[in-house]
Amino acid sequence: MSIESTPQTKKGWRGWLGERFPIDVKVYEELAKEPIPKHMERWWFALGGTPLLLFAIQAITGILLTWYYVPRPDVAYESVQRITTQIPYGWWVRGIHQWGSQLMIITVVLHMLRTFTTGAYRRPRELNWMIGTGLLVITLSFAFTGYALVNDQLSYWATTVGTNMFAEIPIVGPIILQMIRGGMVVTADTMTRLYPLHIGALPTIIVTFIVLHVILIRFLGVTDLDKRERERLARAGKSAPANGKHEREASHFPFFPDHMMTELVIGMGVLIILVNLTILFPPTLGPHANPAETPSHIKPEWYFYPVFRWLKLFPLQLGLAGLGIGAACFVLWPFIDAFIEKRTGNRDVNVYLGFLVAVGAFVFILWELFALQ
Amino acid sequence: MSLNLKALVVIVLAILLLATFTVVAYVEGAQKRVGAPPPAVASAEAQQCIDCHTNRTPGMVSQWRESLHAEKGVDCLSCHKVAKDDFDYFQCPGASIPIASHPTPKDCKECHEKAVVEFSRSKHAGLNAQKFATSPDRLVFEPTISTQHGCQQCHNIGHVWPDQSVGECDACHAKHTFSLQVARNPQTCGECHLGPDHSHIEQWVESKHGNVFMSNPDNYKKLGYRAKDYVGKPAPVPAPTCTTCHMDATVTLPATHDVGERLAWESQSPWSVRTTEAWGGGLSWQQKRDNMENTCSQCHAPNFYQRYLLSGDVASLQYNEIFREGRRWLGEMNKAGLIGTAGVKDSLGAFQAFGYDEAPEEQIYHFWHHQGRLYRQGALMMAADYTQWHGIWEVQRSLVEIIRSASEAGLPEAKAWMKSDNPSKYMLYPLLDVPGTAWGIDTIAFRKSPEYTTRILMNRDGNADYWEKVKGNVEAAYKNNLLSAKQWEMWQKMYANRDKELGNAYPLSPEIQKAMDGEKRDNAAATNQAVEFKVPNGSVWSAIWDALKPK
């Protein structure tokens, strides 16, 4: 008997859908109501959903911008100008996209800082940490390629300086630089390279990474910090506090609606901040890109300041080598951390290091900011 | 935070977000749409025109919508209003009201009186009344229908209307946007000021001014500024276009529509003539020069522009001596019956006395009307290539061509000149000069070189009394009011200091010695690689010639 001739077992839309999409609704409900550790109630631990929300906003506003943006250098600037000054709500959509990108970087970094300092990347979540570092790199690539598309003076020269770094990669550097720019300098061909990256390749990659990231979170669950605490106490030969703290039953709550609501509050807050930023600081546009006229201050966007300042401190190749080593350590940190723990028994290096890197980056940003004035 | 409290917070935040959206909508409503049609203000009568012409001549209407006129409520009938007996009275078949089909400066004057008054006394306005109307090249040499589309189309800026007003404002202020950006665009002037007889736009393009301006495409957009927003302030244009120097206001000099107010030379004339009070608001040529110097002073130091202008002025005076010599040869040929005349006399003796049929006559026309103008105008507008190759080289070549024709026709002096091997023979006329340049002391350019000084008597180092003779000629020019007292004083200072001004007082830089050695090596290489190099097999022609050669 074929499935077509089987009578529908359930009535109503659930039956109709269940037959055509044969996964029981209960599975979704279970997935949604999965218990998650109590510590997740704290706001600091609920930042992971925010970059996702912001990415969705970036995708929507990005699509709207492509309706009017023309990636040809002779008209790119004019099309951005048109979006900003003529298209109804164009200034706002562009503002949301611009500020959204900055908030996305901030929230990704905050989320990573939390993950790092609480050691949530430890076994078996090393791979998910690495996917996360990939997401940071993709987010920054989005920011860099997007900034280049505006084609005003600062954007043009930031692109020039930014792409210059590729030249310093040993052996293949100049070839990569040539491929990215489509010539010796930033030209018409650079734009036709960066635009498909920004609206095609990078979105595809980031969606893949996000899906992997979320699947792994659901498979592995979030780190149970109370369980970890119980184990720590047990190792130390101490018993858990009598008030039931760190007990599994007491220390879990359902994802939906409880945690979802926390995310919603944060998401709403971020949206309000985002919209207000666009009103208070609407997007601006500098003078048209002019390859013949180097501005007195070439600077990237503020989130690249730590890297920018770092590179100014050392000879370029040394600085880039340092950056490369730093990036490799960053990606492979879960393994380095495990190694340190095995050797020294110290499990708190991440806390100190996370603090140090965060403060360092902040100081570098301020340094660069004031050095420019 | 309890779940219920969180839900409440979400609701409050959602309301807040909605409130923020209304602020967004408010800001959107208050946005000034740059480049979009401004709120056009028109009377009910003009609205009839707009309604109909939006479909019939949509370009015209949308141009007007973009204009400042539209924003300020200057509508169709403000300019196209008409009286029953006006020459351009027109009853529009689709409307109840008659209109003027062709607004004239008289109409513009109602609002723009200063501009129209200045324009009406300007050389632009006089263009149709001047010699142009009776120019033989137009009158006898070319059919009128052709010149109507040629010279007359540009000279039409001085259109003389039946209503007695003069001019064609939209020659520069293109209708119906009347955009200031278009009016100040060098290309607007370049519609007429181009080509072989007055390559002004090309000269500007060649100049540093043009280059700096065009290097930033945004500069074109800056040209749309309104003069009244910059009274007593520097103009918001970082490098000069035509109007910056010839028309626009400086910090202390008012803007003008009389393009002659800053011109100290008639350099389109067959002769270089200092402008008279007949043009340029009744100012003397010295006052006009002061005006021009005022514009120079917005960016340059006096020592630079005064020296530059002195040098350009002396180059213009030198032209007169060359042209005088050209005329002399034609006169000699005419006296000897070697060339005729077309029967038209001209007091300036520029060309009319000789016609266009014989080679020397055609030559002297090119001499002054094309080459001589480019030489003089290039010298005053920083256009080196126009001064040199399109200018003095062609002028000299014309002079030689005229003498060659005279020689071929058998004029004894011309034959003797052609025969002479003296390299100084090309200086057929008295010389004027300036001991020094505007751009600094050059220790190499006029360095005495035995190779030349022993052979050529024409140049600065060639003979002992060169500067004495030049001084006499320049002084005579000053006394004839062709140079100002200030200029003559400057010339004398440079003369007294000429050893330094010309770089002779300074030792040669070793770098230059290297370059000179390099040139010697280049010459040796050229000799070796080309001059003395022979391939083994001869040409095809040489074989033919061998056969044809008388044995």
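For clarity, every value in this text was computed on a predicted model and none was experimentally measured.

(A) Representation of the domain arrangement of chain A in the model. All names here are of chain A. One can read the domain layout of chain A as domain 1 (10-237 + 244-298) and domain 2 (299-373). Opposite the 28 residues of domain 1 that make contact, domain 2 presents 25 residues. Carbon and sulfur atoms make up 68% of the surface buried where domain 1 meets domain 2, a total of about 2500 Å² over both sides. A per-residue breakdown of the area domain 1 buries against domain 2 is headed by Phe 116, Arg 122 and Glu 168, which together make up 22% of the total. Where domain 1 packs against domain 2, one counts 1 salt bridge. Close ionic contact of Arg 122 with Asp 337 constitutes a salt bridge, the shortest N to O distance being 2.7 Å. Linking domain 1 with domain 2 are 10 residue pairs in polar contact (both at pLDDT 80 or more). The set of elements that each furnish at least two residues to the side of domain 1 that touches domain 2 consists of helix H5 (90-117), helix H6 (126-149), helix H7 (153-164) and helix H10 (225-235).

(B) Representation of the side chain of Asp258(A) within the structure. Mapped onto the elements, Asp258(A) comes out in helix H11 (residues 255-280). Those residues within four positions of Asp258(A) in sequence are excluded, and the remaining contacts are Phe253(A), Leu3(B) and Lys6(B).

(C) Seen up close, the interface of chain B and chain A. With 27 residues of chain B at the interface, the matching set in chain A holds 28 residues. With its nearest N and O atoms 3.8 Å apart, the salt bridge here joins Glu78(A) to Lys221(B). The interface formed by chain B and chain A holds 5 residue pairs in polar contact (both at pLDDT 80 or more) in total. Residue assignment for the side of chain B that touches chain A shows that the elements contributing at least two residues are helix H1 (3-30) and helix H16 (218-222) of chain B. Considering every element that reaches the side of chain B that touches chain A, the biggest residue donor is H1(B), with 16 residues.

(D) Molecular detail of the packing of aromatic side chains. Residue and element names in this part refer to chain B. Inspection of every chain in the model, using the stated rule, returns 33 aromatic pairs over all chains. Centroid distance Tyr 478 to Trp 488: 5.6 Å. Interplanar angle 15°. Geometry classified as stacked. Here the residue Tyr 478 occupies a position in helix H24 (residues 466-479), and Trp 488 occupies one in helix H25 (residues 485-496), the gap between them amounting to 10 residues. Using a relative accessible area of 6% as the deciding quantity, one classes Trp 488 as buried. Measuring from ring centre to ring centre gives 6.3 Å for Trp 541 and Trp 545, while their planes differ by 15°; the resulting arrangement is stacked. Taken together, the positions of Trp 541 and Trp 545, both in helix H28 (residues 540-548) and 4 residues apart, correspond to about one turn of that helix. Accessibility expressed as a relative area gives 39% for Trp 545, which makes it partly exposed.

(E) Representation of the side chain of Arg373(B) in the model. Residues and elements named next belong to chain B. Within the fold, Arg 373 resides in helix H20 (residues 359-380). Classification of Arg 373 as buried rests on a relative accessible area of 7%. Those residues in contact with Arg 373, other than ones at most four positions away along the chain, are Asp 197, His 198, Ser 267, Gln 268, Trp 368 and Gly 378.

(F) Just the nonpolar core, in detail. Residue and element names in this part refer to chain B. Of all hydrophobic cores here, the largest spans 51 residues; its most connected members are Leu 310, Trp 329, Phe 367, Leu 399 and Trp 491. Among the elements of the structure, helix H19 (302-335), H20, helix H21 (384-409), helix H22 (412-419), H24 and H25 are those that each provide at least two residues to this core. Ranked by the residues each element gives to this core, the list is headed by H19, at 12 residues. Setting aside anything within four residues of it in sequence, one finds Trp 329 in contact with Leu 399, Ile 402, Ile 403, Ala 406, Leu 411, Glu 413, Ala 414 and Leu 428.

(G) Looking closely at the packing of helix H3 (residues 49-66) of chain A against H11(A). Residues and elements named next belong to chain A. It is at 10 Å that the axes of H3 and H11 come closest, and there the two elements cross at 45°. Here H3 lies oblique to H11, going by the angle between them. In this structure, the crossing between H3 and H11 has a hand that is right-handed. When H3 is examined against H11, the residues Gly 49, Thr 50, Leu 53, Leu 54 and Ile 57 are found in contact with a partner set consisting of Glu 263, Ile 266, Gly 267, Val 270, Leu 271 and Leu 274. Tallied by class, the residues present in the contact of H3 with H11 amount to 7 nonpolar, 3 polar and 1 charged.

(H) Quick look at the state of the cysteines. All names here are of chain B. Counting across every chain of the model gives 1 disulfide over all chains. Through a disulfide, Cys 154 is tied to Cys 192; the S-S separation comes to 2.4 Å. Its S-S torsion of about -100° marks the bond between Cys 154 and Cys 192 as left-handed, since a negative value means left-handed. With Cys 154 in helix H11 (residues 151-155) and Cys 192 in the loop between helix H13 (186-190) and helix H14 (200-206), the pair connects residues that are 38 residues apart, well separated along the chain. Cysteine Cys 108 shares no disulfide, and the gap to the nearest cysteine sulfur, in Cys 169, comes to 3.7 Å. Judged by relative accessible area, Cys 108 falls into the partly exposed class, the value being 28%.

(I) Up close: helix H4 (residues 73-85) of chain A. Residue and element names in this part refer to chain A. Here H4 spans 19 Å end to end across 13 residues, near enough to the 18 Å set by a 1.5 Å rise per residue. Those residues of H4 that sit buried are Ala 76, Tyr 77, Ser 79, Val 80, Ile 83 and Thr 84. Axial view of H4: buried residues confined to an arc of 160°, hence all on one face. In this structure, the buried residues of H4 make contact with H3, H5, H6 and helix H9 (188-220).

(J) Layout of the pattern of salt bridges. All names here are of chain B. Overall, the coordinates contain 31 salt bridges over all chains when judged by the stated rule. One salt bridge in this structure joins Glu 475 and Lys 479, with 3.4 Å as the shortest N-O distance. Taken as a pair, Glu 475 and Lys 479 lie in helix H24 at a separation of 4 residues, close to a single helical turn. Classification of Glu 475 by relative accessible area gives partly exposed; the value is 27%. Within the structure, one salt-bridge network assembled from shared partners comprises Glu 394, Arg 397, Glu 401 and Arg 404.

(K) Expanded view of empty space enclosed by the protein. Residue and element names in this part refer to chain A. By the definition in use, this model includes 2 cavities of 30 Å³ or more. A volume near 60 Å³ is recorded for the largest cavity. If you go around the largest cavity, the residues you meet are Ala 148, Asn 151, Ser 155, Tyr 156, Thr 159, Val 186, Thr 187, Thr 190, Met 191 and Leu 194. Elements with a contribution of two residues or more to the lining of the largest cavity: H7 and H9. When grouped by side-chain class, the residues that make up the lining of the largest cavity number 5 nonpolar, 5 polar and no charged.

(L) A look at the environment of Ala25(B). Take Ala25(B): it is sitting in helix H1. Separated by 172 residues in the primary sequence, Ala25(B) and Asp197(B) have C-alpha atoms spaced 59 Å apart.

(M) Geometry of unusual backbone geometry. Residues Arg123(A) and Pro124(A) are joined by a peptide bond in cis, for which omega reads 5°. Take Pro124(A): it is sitting in the loop between H5 and H6. Cis peptide bonds are those with omega within 30 degrees of zero, and the linkage from Lys175(B) to His176(B) qualifies with -5°. With respect to the helices, strands and loops of the structure, His176(B) is situated in the loop between H11 and helix H12 (180-184). Even without being glycine, Gln164(B) reaches a positive phi, approximately 80°. Relative to the elements of secondary structure, Gln164(B) occurs in the loop between H11 and H12. Take Gln164(B): its relative accessible area is 67%, and that puts it in the exposed class.

(N) Spatial organisation of the environment of Gly182(A). Residue and element names in this part refer to chain A. Looking at the secondary structure, you find Gly 182 in the loop between helix H8 (173-181) and H9. For the pair Gly 182 and Thr 192, spaced 10 residues apart in the sequence, the C-alpha separation amounts to 9.0 Å. In contact with Gly 182, not counting residues within four places along its chain, are Leu 177, Thr 187, Asp 189 and Arg 193.

Cut-off values and rules
Residues numbered from 1 in each chain as written. Chains lettered and ligands numbered in written order. Predicted model: local features only at pLDDT ≥ 70, side-chain atom pairs only at ≥ 80, totals over all residues. Heavy atoms only, no water. Domains from an automatic or database assignment. Contact = heavy atoms within 4.5 Å. Buried area = accessible area lost by both parts, 1.4 Å probe. Salt bridge = Lys/Arg side-chain N within 4 Å of Asp/Glu carboxyl O. Polar contact = N/O pair within 3.5 Å; in protein donor to acceptor, adjacent residues only side chain to side chain. Helix = DSSP H or I, 4+ residues; strand = E, 2+ residues; numbered from the N terminus. Phe/Tyr/Trp six-rings, centres within 6.5 Å; stacked < 30°, edge-to-face > 60°. Buried < 20%, exposed > 50% of the residue type's maximum accessible area, 1.4 Å probe, protein only. Core = buried A, V, L, I, M, F, W, Y, C linked by side-chain atoms within 4.5 Å. Axes fitted to C-alpha atoms, helices over the stretch in contact; angles between N-to-C directions. Parallel < 35°, antiparallel > 145°, perpendicular 65-115°, else oblique. Left-handed = near helix turned anticlockwise from the far one by under 90°. Nonpolar A, V, L, I, M, F, W, Y, C, P; charged D, E, K, R; others polar. Disulfide = S-S within 2.5 Å. Expected span 1.5 Å × (residues − 1). Arc of directions from axis to C-beta. 1 Å grid on protein atoms, 1.4 Å probe; cavity = no way out; pocket = protein on both sides within 12 Å on 5 of 7 lines; lining within 4 Å. Points joined across faces, edges and corners; volume = space filled by probe spheres on them.

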